[in-house]
Amino acid sequence: INVAWQDAKTFIAWLSEKSGKKYRLLSEAEFEYAARGGTKTAWFYGAAEDSYGSRAACKFANLHDESGKKAHPNYVWSHHLCDDGFGETSPVGRYQSNPFGLHDMLGNLREWVEDCHGPYQDAPTDGSAKVSAECEKRIVRGGGWMDGASTSRAAYRHPLPENYRNYQVGFRVARDL
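Counting of residues starts from 1 at the beginning of each chain's written sequence and follows it residue by residue. This being a predicted model, a pLDDT of at least 70 is required before a residue's local features are given, and a value of 80 or more before pairs of side-chain atoms are given or counted; all residues contribute to the totals for chains, interfaces and linings. Hydrogens and waters are ignored; side-chain quantities use all the structure's heavy atoms.

**Some thoughts on the overall build of the chain**
Short version of the rule: A run of H or I in DSSP becomes a helix once it reaches four residues, and a run of E becomes a strand once it reaches two; helices and strands are each numbered from the N terminus. The quantity called the radius of gyration is restricted to C-alpha atoms. Its globule counterpart is 2.2 Å times the number of residues to the power 0.38. Here a residue-residue contact requires only that any non-hydrogen atoms of the pair lie within 4.5 Å. Only the protein chains shown count as cover for residues, and all accessible areas are computed by the Shrake-Rupley method using a 1.4 Å probe. The charge count treats Lys and Arg as positive and Asp and Glu as negative. His and the chain ends do not count. Taken as the charge location is NZ of Lys, CZ of Arg, CG of Asp or CD of Glu.
The secondary structure content of the chain amounts to five helices and six strands. In the chain, the succession of α and β elements from N to C terminus is α-β-α-α-α-α-β-β-β-β-β. For the chain, whose C-alpha radius of gyration is 16 Å, the value lies close to the compact-globule estimate of 16 Å for 177 residues. Here the C-alpha coordinates of the chain stretch approximately 45 × 30 × 30 Å along the principal axes. Once local pairs closer than 6 in sequence are excluded, the contacts in the chain between residues at least 24 apart make up 64%. In the form shown here, the chain has an accessible surface area of approximately 9200 Å², with 53% of it arising from carbon and sulfur atoms. Seen as two clouds, the 22 positive and the 23 negative side-chain charges of the chain have centres 3 Å apart.

Below is the structure:
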């Protein structure tokens, strides 16, 4: 947590050099594909009417729920009507995986991806990241521990400056074979 995009890139360069393998941030397209886990719904564990407000969300993602409401009573947005026992971040792999076997793709932390912010119509069509020398903001995906349904769905994206650090932002790496 509290990792800026620039911090993630520095770590990835170190990891690649140390291991001799190529690591990188995921592209937006890769993240969304992985987060959906082969499903067509906004959340791999069901549609909004099946997941938001029900107990399903707490089985699959660390989102704003009863524990979060207790830990942060001044947060005014709606919460999931379940209780996973975590008012903030949770240990990695605590929740059931998606159909691809991936954990924590939705919830827990918003995750940096490689892409520059911009409209979808300008995005590459091959799944690669949209990059630019004049990138003002980068994208986080996946929702975090204090997010409700609308900001934790697979397609949700949020632009942030590269140097932004927050207790709800982190990253994951991909390794090229």
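**Focus: the environment of Ala-174**
One can find Ala-174 in strand β6 (residues 173–176). Expressed as a C-alpha distance, the spacing of Ala-174 and Ser-90, which sit 84 residues apart in the sequence, is 21 Å. When sequence neighbours within four positions are dropped, the list of residues in contact with Ala-174 reads Lys-22, Tyr-23, Arg-24 and Leu-26.

**Concerning the nonpolar core**
For clarity, the cut-off: In these notes, a set of buried Ala, Val, Leu, Ile, Met, Phe, Trp, Tyr and Cys residues joined through side-chain atoms within 4.5 Å is what counts as a nonpolar core. Working definition: with a 1.4 Å probe on protein chains only, accessible area under 20% of the residue-type maximum means buried, over 50% means exposed, and in between means partly exposed.
Membership of the largest hydrophobic core comes to 21 residues, with the highest contact counts inside it found for Phe-31, Ala-35, Tyr-45 and Leu-106. Among the elements of the structure, α2 (28–36) and α4 (57–60) are those that each provide at least two residues to this core. Residue contacts for Phe-31: discarding those within four places in its chain leaves Leu-26, Met-105, Glu-111, Val-113, Arg-141, Gly-142 and Arg-172. Core analysis: the next-biggest nonpolar cluster, separate from the first, contains 11 residues, Ile-12, Leu-15, Leu-25 and Val-140 among them.

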